[in-house]
Amino acid sequence: MSIDKDLLDRLMEGRSADDLFGKEGILSELTKALAERALTTEMEEHLCEERAKEVPEGQNQHPNRRNGSSQKTVTTDTGKVVLDIPRDRNGTFDPLLIAKYQRRFPEFDRKIVSMYARGMTTREIQGHIEEIYGFEASPSLISAVTEAVMDEVTAWQNRPLEPCYPVVFMDAIRVNIRSDGAVSNKAVFVALAILPDGTRDVLGLWFQANEGAKFWAKVLNDLRNRGVQDILIAVVDGLKGFPQAIEAAFPQTQVQTCIVHLLRHSMSFASYKDRKAVATALKAIYTAVDAEAAEAALAEFEGSDLAARYPAIAPSWRRAWTEVVPFLDYPPEVRRLIYTTNAIEALNSKIRRAVRTRGHFPSDEAAAKLIYLALNATSAEWKRSVREWHAVKSQLAIMFEDRFPMA
């Protein structure tokens, strides 16, 4: 909808450009005028609804009517505005625009939450608000606004999940959290799932100082309790105790180790001048046509001069072999999806960007709040559908026809 130019000219009459955006500028006046007009409309509708109600027979009841107004200072995204809030005789009017006990417009709260989600500290948000809007927002106000998100976080962490996920990636980031007067480095484990329609979703966040089978059993049981009945493929980066725990919770799930991480680990043993030769030799393993050919390529590497020069590389592949070979059963489309945890690493990089400005968090809940907000702020990027999903889904439907039908 376009605004009439004559109206704009009348609004600007006698004003300079400096009168537009300041504390006493035209935007503040317009906010006040529009808000009070909306409140007046709400009052009219409220009185009409009350008058439409039937009055019990024999009861001499006076119809509800206006009863003046009261002033209320409200924080908006252009500054503080004093509004005249209409009142009714019966005291039953509770406006939707700005509720009785509300002192801030929702849009202002959303701006604070958005700044917090982008990693700004309370002090930085406070300074930004003062600089842009010309008034001081106390740290307690900012904390109260962001703390209100915790109910959303709790509901999100406990929401029901899909019965079947084709692929789930598991990885962790490290954050510093204060506990019992000391700051400790904790792992935040993130589960990123591919949904049956090819879109992605984060299933939850779990905090733990050290990983192990007991911890992973707790995570996987949490997923089961929230409705997950089956996971076709779990892609992980050598998580300690994970294969044993998932075998107990989801015995049919294939565990696929991240080939890229295994390659990086192998490269760390090789000198710079030999890295290209080592990479070429190892590529023959993970690009083999099937598991038998991959086994032959690994055996050939074990007998090479490179393996003799770097004796730690081949055993690292042997130790992870049962989690290396599953993806060799699949065509290229599926292999490209599951041979690396890059999908979740890209997500984790966005989380790290948000937590980087914090020296430490006062609790697990405070860290979960910021991570949740960071996920929401970047959801348009990481939730988009997987490339070639139709081809991948067709292959999974063939491989797991009794567990993952195409329809």
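Counting starts from 1 at the beginning of each chain's written sequence and moves along it residue by residue. A pLDDT threshold of at least 70 governs which residues receive local features in this predicted model, and a stricter bar of 80 or more applies before side-chain atom pairs are shown or counted, although totals over entire chains, interfaces and linings include all residues. Only heavy atoms go into the side-chain values, all of them from the structure, while hydrogens and water stay out.

**As for the overall build of the protein**
Heads up, the condition is: Secondary structure elements are taken from DSSP: a helix is a run of H or I of four residues or more, a strand is a run of E of two residues or more, and numbering for both begins at the N terminus. Only protein chains enter the area calculation, which uses a 1.4 Å probe; residues under 20% of their type maximum are buried, those over 50% are exposed, and those in between are partly exposed. It only takes one pair of heavy atoms within 4.5 Å for two residues to be counted as in contact. Here the accessible surface of atoms and residues is derived via Shrake-Rupley with a 1.4 Å probe, and residues count as covered only by protein chains that are part of the display.
Of regular secondary structure, the protein possesses 19 helices and 7 strands. Put simply, the protein has 407 residues, and 44% of those count as buried. In the protein, once contacts between residues fewer than 6 apart in sequence are set aside, the share between residues at least 24 apart is 63%. Summed over all atoms, the accessible surface of the protein reaches about 22200 Å², with 51% contributed by carbon and sulfur.

**Observations concerning the packing of aromatic side chains**
The condition that has to hold: Ring pairs shown here join Phe, Tyr and Trp side chains whose ring centres sit within 6.5 Å, with only the six-membered ring taken for Trp; geometry is labelled stacked below 30 degrees between planes, edge-to-face above 60, and tilted in between.
Applying the stated criterion across every chain yields a total of 5 aromatic pairs. Geometrically, the ring pair formed by Phe-189 and Phe-215 is tilted, given 5.0 Å between the ring centres and 45° between the ring planes. With Phe-189 in strand S4 (residues 182–194) and Phe-215 in helix H7 (residues 213–225), this residue pair connects regions lying 26 residues apart in the sequence. Note on Phe-189: relative accessible area 1%, which makes it buried. We classify Phe-215 as buried; its relative accessible area is 7%. Judged by centre distance (5.1 Å) and plane angle (90°), the rings of Trp-216 and Phe-242 are edge-to-face. Of this pair, Trp-216 sits in helix H7 while Phe-242 is found in helix H8 (residues 242–249), placing the two residues 26 residues apart along the sequence.

**Thoughts on the pattern of salt bridges**
To keep it simple, the criterion reads: One speaks of a salt bridge when a side-chain nitrogen belonging to Lys or Arg is within 4 Å of a carboxyl oxygen belonging to Asp or Glu.
Inspection of the entire model under this criterion finds 11 salt bridges. Arg-226 is the partner of Asp-222 in a salt bridge, and the nearest nitrogen-oxygen pair spans 3.6 Å. Using a relative accessible area of 21% as the deciding quantity, one classes Asp-222 as partly exposed. A relative accessible area of 7% means that Arg-226 is categorised as buried. Two residues, Asp-274 and Lys-273, come together in a salt bridge whose shortest N-O distance is 3.5 Å. In this structure Lys-273 comes out as exposed when scored by relative accessible area, which is 66%. Three or more residues joined by partner-sharing salt bridges are found here, namely Lys-273, Asp-274 and Arg-309.

**Topic: the nonpolar core**
The condition is simple: Among the buried residues, those of types Ala, Val, Leu, Ile, Met, Phe, Trp, Tyr and Cys that are joined through side-chain atoms within 4.5 Å form a nonpolar core.
One finds Leu-282, Trp-317 and Ile-338 to be the most contacted residues of the largest nonpolar core, which totals 80 residues. Excluding residues that lie within four positions of it along the chain, Trp-317 makes contacts with Ile-259, Leu-262, Leu-263, Ser-266, Leu-282, Ile-285, Tyr-286, Leu-298 and Val-324.

**A word on the sheet that holds strand S3 (residues 164–179)**
Spelled out, the test is: Following DSSP output, two strands are said to pair if at least two bridges run between them. Axis lines are fitted through C-alpha atoms, for helices just across the contact stretch, and the angle between N-to-C directions can take any value from 0 to 180 degrees.
The strand order across the open sheet built from 5 strands is S5-S4-S3-S6-S7, with neighbouring strands paired in mixed fashion. Looking at which strands have only one partner, the edges of the open sheet turn out to be strand S5 (200–208) and strand S7 (254–257). Along the sheet, successive strands turn relative to each other by an average axial angle of 25°, direction set aside. With 5 bridges connecting them, S3 and strand S6 (residues 230–236) associate as parallel partners. Considered in S6, the bridge of Cys-164 is made with Asp-230. Of the strands in this sheet, S3, S4 and S5 touch H7, which is tilted by about 140° from S5.

**Remarks on the layout of surface pockets**
Here is the rule we go by: The definitions used throughout rest on a 1 Å grid laid over the protein atoms alone, on which a cavity is an enclosed set of points accommodating a 1.4 Å probe that cannot get out and a pocket is an open set flanked by protein within 12 Å on both sides along at least five of seven lines; lining residues are those having an atom within 4 Å of a point. Grid points are joined across faces, edges and corners, and a volume is the space filled by probe spheres set on the points.
Reported here for the largest pocket is a volume of approximately 470 Å³. Every element with two or more residues in the lining of the largest pocket is listed here: helix H15 (332–338), helix H16 (342–355) and helix H18 (379–382). The dominant element in the lining of the largest pocket, judged by the number of residues it contributes, is H16, at 5 residues.

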